Every structure is written in structure tokens, then in C-alpha cells.
Amino acid sequence: MAEQVTVEVVFAEPSRRWLRKVSLPVGSTVAQAIEASGIAQEVSGLVVDPARLGIFSRKVTLDHVVGEGDRVEIYRPLTLDPKEARRRRAHEG
């Protein structure tokens, strides 16, 4: 039997979180982990942006090979530029 790795794939919205554990053959990629998790199909309107992916908060690409215990994170687009948010808070305070 081929060796397997178990990884988690996670996506979160402000009110809900999706977390799926998947087992994949050694050498599988982030793209394959996301596909196996089914999250992209389950979350209405979710478009996986290759520029918004990470493993334990470190940016990765779709072709990055996952390792045992990795947590693949699908990030949402920012709704407000962080610099603008700081400006607003400074102006209010």
C-alpha cells in the first residue's frame, strides 16, 4: 500500500468554519488537498484564489507538496485595506 499523509483543509467566514481532514498519497499538492476536501464545492460562491493560500499562516502555491499534519488554509479576500482600517481607528480615537 502506498504511503499516505493526513492534512487538514480549512476555510472560515466570520460566522462559520469548514475544517476537513483528508488522507492523500505522499507527494500530493495543496491543490489536490483542497479538491479532496470538497470545501470549494460545499461553500457557495467560494473561488479558491491561488494567491490566498497558506500552510500554518505561511504563503504557499497550489503546487506545494503537503506534509503529514499540515493545515492548508484558504484565505478570504480582505474587505478593507489594513492601512485604511488603521487610519479610521486613529481618526476615531
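Heads up: these notes are all about the structure in this document.

Cut-off values and rules
Residues numbered from 1 in each chain as written. Predicted model: local features only at pLDDT ≥ 70, side-chain atom pairs only at ≥ 80, totals over all residues. Heavy atoms only, no water. Helix = DSSP H or I, 4+ residues; strand = E, 2+ residues; numbered from the N terminus. Rg over C-alpha atoms; globule rule 2.2 N^0.38 Å. Buried < 20%, exposed > 50% of the residue type's maximum accessible area, 1.4 Å probe, protein only. Contact = heavy atoms within 4.5 Å. Areas by Shrake-Rupley, 256 points an atom, 1.4 Å probe, with all protein chains shown as cover. Lys, Arg positive; Asp, Glu negative; His and termini not counted. Charge placed at Lys NZ, Arg CZ, Asp CG, Glu CD. Salt bridge = Lys/Arg side-chain N within 4 Å of Asp/Glu carboxyl O. Pairing = 2+ DSSP bridges. Axes fitted to C-alpha atoms, helices over the stretch in contact; angles between N-to-C directions. Core = buried A, V, L, I, M, F, W, Y, C linked by side-chain atoms within 4.5 Å.

## A look at the overall build of the protein chain
Consideration 1: For the protein chain, the count of helices and strands is 3 helices and 5 strands.
Consideration 2: Order of helices (α) and strands (β) in the protein chain, N terminus to C terminus: β-β-α-α-β-β-β-α.
Consideration 3: Against the compact-globule benchmark of 12 Å for 93 residues, the protein chain has a radius of gyration of 16 Å, which places it well outside the compact range.
Consideration 4: Oriented by its inertia axes, the alpha-carbon framework of the protein chain measures out at about 60 × 25 × 20 Å.
Consideration 5: With 93 residues in all, the protein chain has 29% of them scored as buried.
Consideration 6: Across the protein chain, the fraction of contacts at a sequence separation of at least 24, relative to all contacts at a separation of at least 6, is 45%.
Consideration 7: When the accessible surface of the protein chain is split by element, carbon and sulfur atoms take 51% of a total near 6,400 Å².
Consideration 8: A gap of 8 Å separates the mean positions of the 14 positive and 13 negative side-chain charges of the protein chain.

## Side note on the pattern of salt bridges
Consideration 1: Per the counting criterion, the structure on display carries 6 salt bridges.
Consideration 2: A salt bridge links Arg20 to Glu42; the nearest nitrogen and oxygen atoms lie 2.7 Å apart. With a gap of 22 residues between them, Arg20 in strand E2 (residues 16–25) and Glu42 in helix H2 (residues 39–42) connect regions that are remote in the sequence.

## Structural notes on the sheet that holds strand E1 (residues 4–13)
Consideration 1: A sheet is described by the order of its strands in space; here 5 strands give the open sequence E2-E1-E5-E3-E4, paired in mixed fashion. Of all the strands in the sheet, the pair left with one neighbour each is E2 and strand E4 (58–59).
Consideration 2: Where helix H1 (residues 30–37) meets the sheet, its contacts fall on E1, E2, strand E3 (53–55) and strand E5 (71–74), and the angle it forms with E2 comes to roughly 115°.

## What about the nonpolar core?
Consideration 1: Among the nonpolar cores identified, the biggest contains 19 residues, and Val9, Val30, Val66 and Val72 are the most heavily contacted of them.
Consideration 2: Counting only elements with at least two residues in this core, the list comes to E1, E2, H1, E3 and E5.
Consideration 3: Of all the elements, E1 adds the most residues to this core, at 4 residues.
Consideration 4: Residues within four places of Val9 in sequence aside, it is in contact with Trp18, Leu19, Arg20, Val22, Ala33, Ile34, Ser37, Ile39, Val72 and Ile74.

## Some details on the environment of Glu42
Consideration 1: Since its relative accessible area comes to 39%, Glu42 is described here as partly exposed.
Consideration 2: Distance in space between the C-alpha atoms of Glu42 and Trp18 is 9.2 Å, their sequence separation being 24 residues.

## Here we look at the pairing of E1
Consideration 1: The pairing of E1 with E2 spans 10 bridges and is classified as antiparallel. Among the inter-strand pairings, Val5 is bridged to a residue of E2, identified as Leu24.
Consideration 2: Counted between consecutive antiparallel strands, the loop separating E1 from E2 contains 2 residues.
Consideration 3: The pairing of E1 with E5 spans 4 bridges and is classified as parallel. Looking across to E5, one finds that Phe11 is bridged to Ile74.

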